[in-house]
Structure formats: structure tokens, C-alpha cells
Amino acid sequence: MSDIIQLLPDHVANQIAAGEVVQRPASVVKELLENAIDAKAGYIKLIIKEAGKTLIQVIDDGVGMSVTDARLSFERHATSKIKTAEDLFELNTKGFRGEALASIAAIAHVDLKTKQEQDEVGTEIKIEGSKVLSQEACVNPKGTSISVKNLFYNIPARRNFLKSNAVELRHIIDEFHRVTMAHPGIRFDMYHNGSEVFNLPVSNDRQRIVNIFGGKTNEKLVPIEEETDLVTIHGFVGKPEYAKRSRGEQFFFVNNRFIKSAYLNHAVTAAFEGLLKDKAHPSYFIYLEVDPKSIDINIHPTKTEIKFEDEHALYAMLRSTIKHSLGQFNVAPVLDFNRDASMDTPYEYKSKIAQAPTIEVDRNFNPFKEEKQRTTATSNTQKNYSAFKKETPGSWENLYTGLESEVSSNDVKQTSFSTVEFESEEQTGSLFETDDKKDLEHHTTYQLRKKYIVTTIKSGMVIINQNRAHQRIVYEELLKSITMASAVSQQLLFPLVLSFSKTEITLLETVKEQLENTGFIFGKLDLGEIEITAIPSVVTEKEVATLLEQLLSDLENEVPDSGFSQTDLLAKSMSKSIAVRSGVELVPEQQRYMANSLFACTEPTITPDNKPTFITLTVDEIDKKF
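Keep in mind it's a predicted model, so treat the numbers as computed, not measured.

K.L.:
Before we go on, may I ask you to explain the overall build of the chain in this structure?
P.N.:
Looking only at helices and strands, one finds 20 helices and 22 strands in the chain. The buried share of the chain, taken over its 626 residues, is 42%. Considering only contacts in the chain between residues 6 or more positions apart, those separated by 24 or more positions represent 68%. Of the roughly 37700 Å² of accessible surface on the chain, 52% is carried by carbon and sulfur atoms.

In C-alpha cells form, the structure reads like this:
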């Protein structure tokens, strides 16, 4: 039998590696931004066209590359970050694998321009599908500019796999947020299709967070800080009242590298125990600094998962640090019945030195004059009291003198009063049968455990899940309102102002027209704030914030391409928020309305999410139970 194992060509190996490193345009953005940061750039510009499908360009003012380095940077496992295996445990850079540029060049058209400060001219290299087309000198300022065009041009299946521009742009913005928050000392600009999306000047951690998520974020942040031999923790957590139903604003950074950790996330949630509403998630921006030897980053190509040497100690420290800050800044309530809030000393006064109080003396104070006046007032009061006492006839018992004779003389009248019938007395009889009696006699529905509605049919009985049934009813009503634009709005006496991040407002603007068709009327849409002047008639004012948060969460997870599908998703999300919950008691009229409306729907058997709305039990099935 002949030999069948052979080495793969470099361009094939690069395409295989690209499948792990480059999953979508956001992956390219992450790798290029991290390379610019490793090049010690002070200013980085990101330019995007068509959500990265047409162009991704990163321009920096870093150290640049020599002619040889520029050519070698596109080879697999070629890197300037590490030299030996021991360097993996002393990592102070973002990249170290040496795979990113080779993987990107294998599946796109790449144009690299770079120049070092001491060089007179720079170098330009053009590559298509791992094949170098040209390498020549060029005029370029200090630093590097790399353009990635026509991503996945030679892998049609992967290109077709990409979502709509809105979804891919949101993933790019998420990666941009993660990189920029980890490095507030670097200026970042981002442009999409020629318009500026972000302009982030050099700042501190708090200012960078506020610049990204809007000015209203500043009042939500509670600072945390702790320093131990194992870890240094600093950053911010959001106040409990601003917790959201989505996990959008949750960031962990370890040694200025964004990571995902369900274990550490549980530590934060445990610190907020008892302070959050049901299904609400706290926001946090937490920076951890640990010894590079105590962590392992080389687990996944994206480097967002790392292993800690002592996770349990880190969990306890993080949880106690957040709990301390929540108590320190009076965010968590303190159960102390004897505490007087007016006697509390502000936390920032703990390091201040006590000052001696100033003594003021009233030179005009005369104690003898004051006492004389008080004596005179007392004697006058005593005289008035004695005069009142003389004029009062008898004691309190005299108030009832003479009543006994009146009572005895009126005994006859009392017996006659008991037989008198007054006109205002309530009538117990009725000529006609009331609706309440009809309901009792013809009661065709029954609510079981405040969750199910039981009603009868010819073949047996139906058990309806009230939450799922109402979802189907509301879903079809909303779908009709959106498509026919005939929804009924209720005007608010005072406009409702809600705070959202810049990304969330951009997302809401994409479905603004459909929301208006359901009954919403929007006022001004400022940076970080949205004003609502009218809401749909089926929604209460207190449900609006929850409804929009749920909608944003659904839109972030799956925004379809077609307009109808987007309308369908909007109706699904709103129906889930509006539908009556399990545990809500319904009167007989509401029960009958629910049953009749459900069976009037075009598809009464399932919810919008394809879950059953009711089950039937025939008489034969009931007979078999006996």
C-alpha cells in the first residue's frame, strides 16, 4: 500500500486556521486593533464599509515595520511577541500566536502600508489569498495602515453565512468597545460608510465608559477598588435600580485583555443578591490585574477564555469587594433600627482631620432678665387657671346629669322604633334575574391554579395555558396593527423618558417605524435618552421599559434580513412582554374572552415560539381514568 499522508500546502493550512481565528468581520477588527496596540500606537483609526464585508481598515501611529518584517508578518507562526515557550507565561502583549495576519491574508485582499520613524520611505505589500502580488516602496507617515477588502471572497459558504449588515456592524462595535475600554490611554476613532460612529479621546476608565455608553451612564456607576497579593481589582459596577434584562454591559478585563468567565460573573451576581429584580442582570466594568504566571491564555484562538491558578480565592475577593463598595456608597440597605441617618459620617470624611469648633458668645445675653420674665408669665398662668377652675361647675360626671330621666321617659318610644321600616333600607328582592346569577348558573370556564383555564367542548374539555394563549392573541393583534398601520395609541400626560446607550438607540431606530405602527409615538431621540409621548393601548406605562429592554435583547440575538421577518420578531418580542403572566387571577368574563379570542386566531394551537397553547381531554380519555 502506498503512502497516503502528506503535508498540506501553506495556503490550505492558512484557510483551515482562518476558520478558527476569523469567524466574521468583527474577528478581523479585533486582531488588527490588538496589533496596533502592541505597536505602541497613541492614535488608532478604524474605517468600516458595508459592516466590514467590503472594507476593514486600521490606521495607527505605532512603531511600524521594516521591509523584512512587513513581508514576514504574513507567514504562519511568525511573531515578534514571543521567542521561547517560557514567554507564554510572561505575556504582556495582545497577540502571540502569529496566525492572525496569515489567516486574514488567506481569505481576503490585503493591502499593507508601513514605515518606521527612522526610515525615509515605507513599504507597501498587496496580497490576495496568501499570494503576494506586489511589494514596493511607498510614501507613508510613521506607523501602519492595513486594509482588508472582500472578506471570504474565496470561501462562498462562509460569506453566505454572514448575517445582515446591522448584525455584523453590532458585532464590530462590541469588539471595538472591548478593546477601547481596556486602553483608555489611546485615542480611538471609528467610521462606518463615511460617517463618524465613535470619537474617543484619551481619558481615564470612567470617562471612557461614559464616552462609549452616553452621559447618563455616569450616575449609574459605583466604583470598586481592592489590592491584595493575589489580584488588584478596580473598576465600576452599576447601581441595582439600573439593572437590565439583557447582559449587554458586562465586561471583565484581566491584564487589559477582555475575557468571558461564567464563574466570575456568578461572583458579581452573588454580591448583588437580594438587590436585583427577577431576571435582571447587573452591569459591571471590572479590571483585574494578576501575575501573568498565574493565568493561562493559550486555550482558545480568540483568547477570551483563560484559566486562573486560584479561581476560588479570586471569586471570594471579587464578591467581597463588590459587597463592600455597595455598602460603602449606601447602595445596599442597612438593617439597623436604631440608626439615625442624620448622624452618619460621609465615607470621604474618614481621612479628614477633625477641626476644633469655633465658639461664639452673645454679649447681650442677660440670664437674670430672662428669668424675671419667665416668673411673671408663670404667675399669670396660675391666676388664669384658678379663675377657670372656679367657673367650671361640678366635675366630668355632671355632664351626664339629667340623662337618666330622659332615658326612662323614652323607653316606650324605643320599643316602637324597632318596628318602623325606613325607605332607605336596602331592597333584597328583584323582579328580574341579574347577570351575576346568570354567570353562576352558566359558568362555562374555570381557572385552575391561576395558570390554566378549563372549559368544555362537545368531545370533552380543554385546558388552556393562559400565558401562552394570550401570547398568541396579542401576537396576531400586533402583527395586524403593524402591517395595516391601524393601531390605537393612548397619549401620556407626562412624556416617558428612558435612558439607553448609543448602540441601543441606533438599534431602536431600525424598528422605529414598526413600533410606531403598534401604537408608540416618539418625541426626541437624544444621545442616551429616548422620549415616548404615547404608547399602545394594550400596554401599561410601567411595562414600557421592560418591553423595550426585552425587544432590544431579542434584536441583538437575531435580527433577520427581510422586513417581514423583522416585523414578525418585533411582534413576538412584544407579545411575550405584554401577555398576562401565570399567577394572575382572571374573572369569568376574562376567562371566556381568552378562550373565545384564542380559537378565533388563525393558528390557535401554538404560540409564536411554536409551543402548545392548550390540550384536550375527550370523554373517552376521562372514562379510561376510572
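K.L.:
What's the story with helix H7 (residues 205-213) in this structure? I'm lost.
P.N.:
Note on helix geometry: an α-helix contains 3.6 residues per turn, so any two residues three or four positions apart are oriented the same way. Within H7, burial applies to Asp205, Arg208, Ile209, Val210, Ile212 and Phe213. After H7 finishes, the residue Gly214 shows a positive phi value of roughly 105°.

K.L.:
Explain unusual backbone geometry to me, please; I cannot follow it from the model alone.
P.N.:
Most peptide bonds take the trans configuration, and most residues that are not glycine carry a negative phi. Of note in this structure, Ala51 is not a glycine but carries a positive phi near 55°. Within the fold, Ala51 resides in the loop between strand S1 (43-49) and strand S2 (55-60). In this structure Ala51 comes out as buried when scored by relative accessible area, which is 0%. A positive phi angle is found at Lys450, which is not glycine, with a value near 55°. Structurally, Lys450 can be placed in the loop between strand S16 (445-448) and strand S17 (452-457). Judged by its relative accessible area of 40%, Lys450 falls in the partly exposed class.

K.L.:
Explain the side chain of Glu549 to me, please; I cannot follow it from the model alone.
P.N.:
Mapped onto the fold, Glu549 is located in helix H17 (residues 544-557). Discounting residues that sit within four places of it in the chain, Glu549 has contacts with Lys244 and Arg245.

K.L.:
Looking at this model, I keep getting lost on the nonpolar core. Mind explaining?
P.N.:
Generally speaking, nonpolar side chains in soluble globular proteins are found buried as a group. Grouped together as the largest cluster of nonpolar side chains are 56 residues, with contacts concentrated most on Leu32, Ile44, Leu46, Val148, Met181 and Met190. Ranked by size, the runner-up nonpolar core spans 31 residues in total, among them Ile482, Leu496, Leu507 and Ala571.

K.L.:
Could you clarify how one ought to interpret the pattern of salt bridges in this entry?
P.N.:
Two side chains of opposite charge can pair, provided their charged atoms sit close to one another. Under the counting rule described, the total for this entry stands at seven salt bridges. Glu168 is the partner of Arg24 in a salt bridge, and the nearest nitrogen-oxygen pair spans 3.1 Å. One end of the pair, Arg24, is in the loop between helix H1 (10-21) and helix H2 (25-38); the other, Glu168, is in helix H6 (residues 165-182), with 144 residues separating them in the sequence. Each member of the pair, Arg24 together with Glu168, is buried. Lys30 serves as the salt-bridge partner of Glu34, at 3.4 Å between the closest nitrogen and oxygen.

K.L.:
What is the right way to look at the environment of Ala26 in this model?
P.N.:
Tracing the backbone through its elements, the reader meets Ala26 in helix H2. Among the residues examined, Ala26 registers a relative accessible area of 3% and is labelled buried. Each C-alpha atom, one on Ala26 and one on Ile172, is 4.4 Å from the other, the two residues being 146 residues apart in sequence. Once residues within four sequence positions are removed from consideration, Ala26 is found in contact with His171, Ile172 and Glu175.

K.L.:
What is the right way to look at the sheet that holds strand S4 (residues 122-128) in this model?
P.N.:
Backbone hydrogen bonds hold the strands of a sheet together, and the pairing may be parallel or antiparallel. Taking strand neighbours across the sheet as the criterion, the eight strands line up as S5-S4-S3-S6-S2-S1-S7-S8 in an open arrangement whose pairing is mixed. Two strands lie at the open edges of the sheet, namely strand S5 (131-138) and strand S8 (195-200), each paired on one side alone. The mean angle between the axes of side-by-side strands here comes to 10°, regardless of whether they run parallel or antiparallel. In this structure, S4 lies alongside S5, joined through seven bridges in antiparallel fashion. Following the sheet pairing, Gly122 is matched in S5 by Cys138. Across the face of the sheet, H2 comes into contact with S1, S2, strand S6 (143-149) and strand S7 (187-192) while running at roughly 10° to S2.

K.L.:
How do you make sense of the pairing of strand S9 (residues 221-227) when you look at a structure like this?
P.N.:
Look at any regular strand and the pattern is simple: side chains alternate between the two faces of the sheet. Taken together, the seven bridges between S9 and strand S10 (residues 231-238) define a ladder with antiparallel strand orientation. Note on S10: the bridge partner recorded for Ile224 is Gly235. A loop of three residues connects S9 with S10, the two strands running antiparallel in sequence.

K.L.:
So what exactly am I meant to see when it comes to H2 here?
P.N.:
Between its first and last C-alpha, H2 extends 20 Å over 14 residues, near the 20 Å set by a 1.5 Å rise per residue. The element H2 is extensively covered by neighbouring structure, given that 13 of its 14 residues are classed as buried. Lys40 sits one or two positions beyond H2 and adopts a positive phi of about 60°.

K.L.:
Would you take a moment to explain the pairing of strand S13 (residues 284-290) for this structure?
P.N.:
Of all seven residues making up S13, six are buried, and the element is well covered by its neighbours. Looking at chain direction, S10 and S13 are connected through seven bridges and run antiparallel. Of the residues in S13, the one forming a bridge with Thr232 is Glu289.

K.L.:
Would you mind going over the packing of aromatic side chains with me for this structure?
P.N.:
What describes a pair of aromatic rings is the distance from one ring centre to the other and the angle between the planes of the rings. Enumeration over the complete set of coordinates arrives at 13 aromatic pairs. Summarising the aromatic geometry, the rings of Phe251 and Phe253 are spaced 6.2 Å apart at their centres and angled 5° between planes, so their arrangement reads as stacked. A connected cluster of aromatic rings, assembled from ring pairs, spans Phe213, Phe251, Phe253, Phe258, Phe285 and Tyr287.

What counts, and at which threshold
Counting starts from 1 at the beginning of each chain's written sequence and moves along it residue by residue. Side-chain atom pairs in this predicted model are given and counted only at pLDDT of 80 or more, local residue features only at pLDDT of at least 70, and totals for whole chains, interfaces and linings cover all residues. Side-chain measures here rest on the full set of heavy atoms in the structure, leaving out hydrogens and waters. Each helix is a run of H or I in the DSSP string that is no shorter than four residues. Each strand is a run of E no shorter than two, and both are numbered from the N terminus. Partly exposed describes any residue whose relative accessible area lies between the buried limit of under 20% and the exposed limit of over 50%, with all areas from a 1.4 Å probe on protein chains only and scaled to the type maximum. Working rule for contacts: check all heavy atoms of both residues, and any pair within 4.5 Å makes them a contact. The method behind every accessible area is Shrake-Rupley, applied with a 1.4 Å probe, and residues are considered shielded solely by the protein chains displayed. By convention a nonpolar core is built from buried Ala, Val, Leu, Ile, Met, Phe, Trp, Tyr and Cys residues, the set being connected through side-chain atoms within 4.5 Å. By definition here, a salt bridge exists when the distance from a side-chain nitrogen of Lys or Arg to a carboxyl oxygen of Asp or Glu is within 4 Å. Here, any two strands with at least 2 DSSP bridges between them count as paired. Orientation is described by lines fitted to C-alpha atoms, with helices fitted over the stretch in contact, and by angles between N-to-C directions that extend from 0 to 180 degrees. By this rule the span expected of a helix is its residue count minus one, scaled by 1.5 Å. Each aromatic pair joins two rings of Phe, Tyr and Trp (for Trp, the six-membered one) with centres within 6.5 Å, and gets the label stacked for planes under 30 degrees apart, edge-to-face for over 60, and tilted for any other angle.

Shape descriptors only; they carry no functional weight alone.
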